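# Residue-level structure breakdown
Residue-level listing of the chains:
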Amino acid sequence: MALLQQITERTFFVPGANNLGIITTNDGGAIAVDTGLDKDTGRLVRKALDEANLTLQAIISTHHHADHVGGNDYLLRNMPDVVVYAPRVEASLIEHPLLEPIYLNMGAQPLAALHNKWLMAKGSPVHHLIDDKQIEVAGVWFDILALPGHSINQIGVAFDGVCFVADGFFGPAILEKHGIPYAHDVHAQLTSFDSILQRGEHCFLPGHGDLLERDSLAHVIAVNRSAVERSSQMVYAALGESGDLFAVARRVQQAMELRLAGIPHFAIFVSAVAAHLTYLEVEGLVHIVFDERGMIWQRAV
Ligand SMILES: [Zn+2]
């Protein structure tokens, strides 16, 4: 079976743990939307394009997470003419991948365990910042969707009736595996669900999960929305008794019966719990007090 799965005349994807979008240009070229985790996924993109007689011209990186940009380095080293596009802020993190394990370690020098390829990609230059709602890449005009929330300034891209939403939502089977869908900004994550629902494309490709037809979109977004809202409710429920961030995270973990396998998983989980606490604070549902235990979260209502 061909590596490249066709969606519409000009859009394709390489399916996998992370679906990688491919768009053809007018002159035998191709543009990749994300490149996967590492050199193996970079190599897969190259092989898929070779099979189809297409030459990679550009990469659009939707956000900085290592499983979306990890193939950039391999592709740029092997095809030095390829240019990378990414949204502002995300671009800085793509160029300086050490910043991800730093923020997951509360700004401190990261623990050695956080220096792994899932949290720290090789990094790559970003040649063009994406600021606009429409951009031209290698002669192809894309609609750019602002999809912040899961990551700081994540984007999706739309072309030829297909919307590549990156981690703007997850496939339902993926959601079941995660205790809390990773969030940087919960309010923005919920708002981005609405932005996706308003799109008129026929097909929607998440980074993780199955390609969706428009008919299935509302259901899948509803499943995502309830996973995020349930996470907020569980964080609020964990504050029956006040506690610091780690106490809250531990109670949520126990309530969800999650097994956290090691420091990276723990760091991501605590970060997501912190995002929900910030959200609940903005909503006026919780607040912080200082007592002999330190910085303590408690219910405001
Ligand atoms: Zn992500």
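Further up the page is the structure itself.
Only a predicted model underlies this, so the values are computations on that prediction, with no experimental measurement involved.

Cut-off values and rules
Residues numbered from 1 in each chain as written. Predicted model: local features only at pLDDT ≥ 70, side-chain atom pairs only at ≥ 80, totals over all residues. Heavy atoms only, no water. Helix = DSSP H or I, 4+ residues; strand = E, 2+ residues; numbered from the N terminus. Rg over C-alpha atoms; globule rule 2.2 N^0.38 Å. Buried < 20%, exposed > 50% of the residue type's maximum accessible area, 1.4 Å probe, protein only. Contact = heavy atoms within 4.5 Å. Areas by Shrake-Rupley, 256 points an atom, 1.4 Å probe, with all protein chains shown as cover. Lys, Arg positive; Asp, Glu negative; His and termini not counted. Charge placed at Lys NZ, Arg CZ, Asp CG, Glu CD. Pairing = 2+ DSSP bridges. Right-handed = clockwise from strand over helix to strand, strands pointing away. Axes fitted to C-alpha atoms, helices over the stretch in contact; angles between N-to-C directions. Parallel < 35°, antiparallel > 145°, perpendicular 65-115°, else oblique. Nonpolar A, V, L, I, M, F, W, Y, C, P; charged D, E, K, R; others polar. Core = buried A, V, L, I, M, F, W, Y, C linked by side-chain atoms within 4.5 Å. 1 Å grid on protein atoms, 1.4 Å probe; cavity = no way out; pocket = protein on both sides within 12 Å on 5 of 7 lines; lining within 4 Å. Points joined across faces, edges and corners; volume = space filled by probe spheres on them. Domains from an automatic or database assignment.

Turning our eyes to something else, we now look at the overall build of the chain. Within the chain, the regular secondary structure consists of 10 helices and 15 strands. Computed over C-alpha atoms, the radius of gyration of the chain comes to 20 Å, within 12% of the 19 Å expected from 2.2 N^0.38 for 301 residues, which places it in the range of a compact globule. Structurally, the chain occupies a C-alpha span of about 65 × 45 × 35 Å along its principal axes. Burial status across the chain gives 52% buried among its 301 residues. Excluding contacts between residues fewer than 6 apart, the proportion of contacts in the chain whose partners are at least 24 apart in sequence is 65%. Accessible surface, the chain as shown: approximately 13,800 Å² in total, 53% of it carbon and sulfur. Measuring between centres, the 20 positive side-chain charges of the chain sit 6 Å from its 34 negative side-chain charges.

Across the five residues of strand 4 (residues 29-33), five count as buried, placing the element largely inside the fold. Because side chains alternate across strand 4, one face comprises the buried residues G29, I31 and V33, and the other comprises A30 and A32, equally buried. Bridging between strand 3 (residues 20-24) and strand 4 involves four bridges; their strand directions are antiparallel. Bridging from a neighbouring strand, I22 pairs with A32 of strand 4. If you look at the hairpin formed by strand 3 and strand 4, you'll find four residues sitting between the two strands, and G28 has a positive phi there, around 80°. Here five bridges tie strand 4 to strand 5 (residues 55-60), and the two strands are oriented parallel to one another. Note on strand 5: the bridge partner recorded for I31 is A58. With respect to chirality, the unit in which strand 4 leads through helix 1 (residues 39-51) into the neighbouring parallel strand 5 is right-handed.

Here we come to the packing of helix 9 (residues 245-255) against helix 10 (residues 263-282). In the contact formed by helix 9 and helix 10, the axes pass within 10 Å of each other and the chain directions differ by 105°. The orientation of helix 9 with respect to helix 10, classified from their angle, is roughly perpendicular. For the pair helix 9 and helix 10, contact is made by L245, F246, V248, A249, V252 and Q253 and by F266, F269, V270, V273, A274 and L277, respectively. Its residues assigned to classes, the contact of helix 9 with helix 10 shows 11 nonpolar, one polar and no charged.

The next point concerns the nonpolar core. Counting 26 residues, the largest nonpolar core has L4, I22, L49, L56, I59 and L75 as the members making the most contacts within it. Setting aside residues up to four positions removed in sequence, L4 forms contacts with F12, F13, V14, I22, A48, L49, A52 and L54. By size, the runner-up hydrophobic cluster in this structure holds 23 residues, among which are Y182, M256, V270 and L277.

What follows concerns the layout of surface pockets. Taken as a whole, the largest pocket holds about 1,000 Å³ of empty space. Surrounding the largest pocket, 35 residues form its lining, D67, W118, H178, H208 and I268 being those nearest its centre. Within the residue set of the lining of the largest pocket, elements represented by two or more residues are helix 1, helix 2 (66-69), helix 5 (99-104), helix 6 (172-177) and helix 10. When residues of the lining of the largest pocket are assigned to their parent elements, the largest contribution, five residues, is made by helix 10. Split by residue class, the lining of the largest pocket holds 21 nonpolar, 10 polar and four charged. Formed jointly, the lining of the largest pocket draws a minimum of three residues from each of two domains, domain 1 (5-231) and domain 2 (236-299).

Ordered by their spatial adjacency, seven strands build an open sheet running 1-2-3-4-5-6-7, and the pairing between neighbours is mixed. Each edge of the open sheet carries a strand with a single partner, namely strand 1 (5-6) and strand 7 (128-130). Helix-sheet contacts for helix 1 involve strand 2 (11-14), strand 3, strand 4 and strand 5, and the interaxial angle to strand 3 is about 30°.

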